[in-house]
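Chain residues, written in single-letter form:
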Amino acid sequence: MRLMTKAKGLIGELAVPADKSISHRSVMFGAISHGTTTIHNFLKAEDCLSSVAVFKNLGVSIEEKDDVLIVQGKGFDGLKAPSDLLDAGNSGTTMRLVMGILAGRPFTSTIQGDASLNKRPMERVMGPLRQMGADLVGNEGAEYPPITIQGGTLQGIEYQMPIASAQVKSAILFAALQAEGETTVIEQACSRNHTEQMIRQFGGTIEVNDKEIKLPGNQQLVGQEVHVPGDISSAAFFLVAALLVPNSSLCLKKVGINPTRTGILDVLAKMGADITQMNEDTQNEAADLLVESSALNACEISGEIIPRLIDELPILALAATQATGTTIIKDAQELKVKETNRIDATADELNKMGANIEPTEDGMIIHGPTPLHGAAVDSHGDHRIGMMLQVAALLTEEVVELNNPEAINISYPEFFNDLDKLAKERV
């Protein structure tokens, strides 16, 4: 349990942790490429370390040297059958993307997760991989982990994405790199494109035309040097905290601003947030973000922007509780199959603190502004719910008790320490 109280203001500078999505993929691309991949600013949080452990189990040499992660890749053919179960921990990214890589390997492997991940549906990945020629079977024949994968020769397919999911898309693209012929993926809405970008970075060929992606098979990739920017999903908690806590002025350094990830900046700007983008690094798609306390107004969050901010919706819901008017979040049913049901968890926990949130089938209706008060709340084992509740506690006069705070270690082990340094004066 962690006891949390109000802050007078958040002042200073902060370098948020490295981007989780890019950290995962940098290890994976390094493992399937030929030669050395050097990763600067790799995120050493539990989720990304799960990816490292999986590829070590698949026979890949990965070592840390002078704060740099070095991956010695030998191509797809360099991956070896694991000696025991592959463990993805709590990381859905690890499990789903690795399934795509293993689909084309000529051996049998089984990947599992922790209790939470083993309840998350995998058919959305298993289905298209089966169409390509792999044999995947879930626990007791269902779609839940552990998943056993018998890889083999794959054929390119044309696949219409039924949902916007970067994880599903990436799994298909990893399989397509090994397949015979061309694979076409057609998205409903553009999801984060780190996999497409890194295919090019590692020397691959890929054609992206709006929502249509074409990828030739039987490609060989070459190891690269990767500089991982700060994670905008982690920065989101400090952006909203500085907006909501009076007398705040905060500069977040070298935050990733890939356009497929910056939906939160667009929504906060629409709500009236004072956020300035400075010192842009175009090569690594990063910039400093200066944020000042702001009065916010309600808005609707729906449609094609949802995939660009799916992980930021819990903290945006908190922002909406302090905004003037009624905020409507819809088209976000994907939140139900994250680490927890984030729609219900966000509404339930913030309502305990005095918010007025109605959960819906695909989002929330949030009436604001509402003053928040102390309560006993729970992260539900979900890192983003835990961090959101800590930010909410900065706005209360009374103490907030957070149960299961250790969930935050999944993506941001130093979160509480970083927040304490910026909020030096506590009421």
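Scroll up to find the structure this text is about.
Residues numbered from 1 in each chain as written. Predicted model: local features only at pLDDT ≥ 70, side-chain atom pairs only at ≥ 80, totals over all residues. Heavy atoms only, no water.

Brief notes about the overall build of the chain
Note the threshold: The way it works is that DSSP assigns letters per residue, a run of H or I at least four long becomes a helix, a run of E at least two long becomes a strand, and they are numbered from the N terminus. When we talk radius of gyration, it's over C-alpha atoms, and the globule rule is simply 2.2 Å times the number of residues to the 0.38. For every residue, the accessible area (1.4 Å probe, protein chains only) is compared with the maximum for its type, and the residue is labelled buried under 20%, exposed over 50%, or partly exposed between those bounds. Here a residue-residue contact requires only that any non-hydrogen atoms of the pair lie within 4.5 Å. Note on areas: Shrake-Rupley, 1.4 Å probe, and residue coverage restricted to the protein chains presented here. Counted as positive: Lys and Arg. Counted as negative: Asp and Glu, with His and the chain ends omitted from the count. Lysine's charge is taken at NZ, arginine's at CZ, aspartate's at CG and glutamate's at CD.
When its secondary structure is counted, the chain shows 12 helices and 23 strands. By the compact-globule yardstick of 22 Å for 427 residues, the chain fits well, its C-alpha radius of gyration being 21 Å. Across its three principal directions, the C-alpha atoms of the chain cover 60 × 45 × 40 Å. Relative to its full complement of 427 residues, the chain shows a buried share of 59%. The long-range fraction of contacts in the chain, counting pairs at least 24 apart against all pairs at least 6 apart in sequence, stands at 75%. When the accessible area of the chain is evaluated, it comes to approximately 15600 Å², of which 46% is carbon and sulfur surface. Side-chain charges in the chain split into 35 positive and 56 negative, and the spacing between the mean points of these groups amounts to 2 Å.

Observations regarding the packing of helix H7 (residues 232-244) against helix H8 (residues 263-270)
For clarity, the cut-off: Only the contacting stretch of a helix is used when fitting its axis, a line to C-alpha atoms as for every element, and angles between N-to-C directions run 0 to 180 degrees. By the definition adopted for this analysis, an angle is roughly parallel if under 35 degrees, roughly antiparallel if over 145, roughly perpendicular if from 65 to 115, and oblique otherwise. For any pair of crossing helices, the crossing counts as left-handed if the nearer helix is rotated counterclockwise from the farther one by less than a right angle, and right-handed if it is rotated clockwise. In this count, Pro and Cys sit with the nonpolar residues alongside Ala, Val, Leu, Ile, Met, Phe, Trp and Tyr, while Asp, Glu, Lys and Arg are called charged and the others, Gly among them, polar.
Closest axis-to-axis distance for the H7/H8 pair is 10 Å, and the angle between their directions is 15 degrees. Relative to H8, the element H7 lies roughly parallel. For the pair H7 and H8, the sense of crossing is right-handed. Contacts between H7 and H8 involve Ile232, Ala236, Leu239, Val240 and Leu243 from the former and Ile264, Leu265 and Leu268 from the latter. Class assignment of the residues belonging to the contact of H7 with H8 gives a composition of 8 nonpolar, no polar and no charged.

Description of helix H10 (residues 342-352)
The cut-off we apply is this: Residues adjacent in sequence count toward polar contacts only when both atoms are side-chain atoms; beyond that, a polar contact is any pair of N or O atoms within 3.5 Å, and within protein one must be able to donate a hydrogen and the other to accept it.
Within H10, the full set of buried residues consists of Arg342, Ile343, Ala345, Thr346, Ala347, Glu349 and Leu350. Considering only its buried residues, H10 is in contact with helix H9 (313-321), strand S20 (356-360), strand S21 (363-368), strand S22 (376-378) and helix H11 (383-393). At the N-terminal boundary of H10, the capping side chain belongs to Asn341, with an oxygen 3.2 Å from the backbone nitrogen of Ile343.

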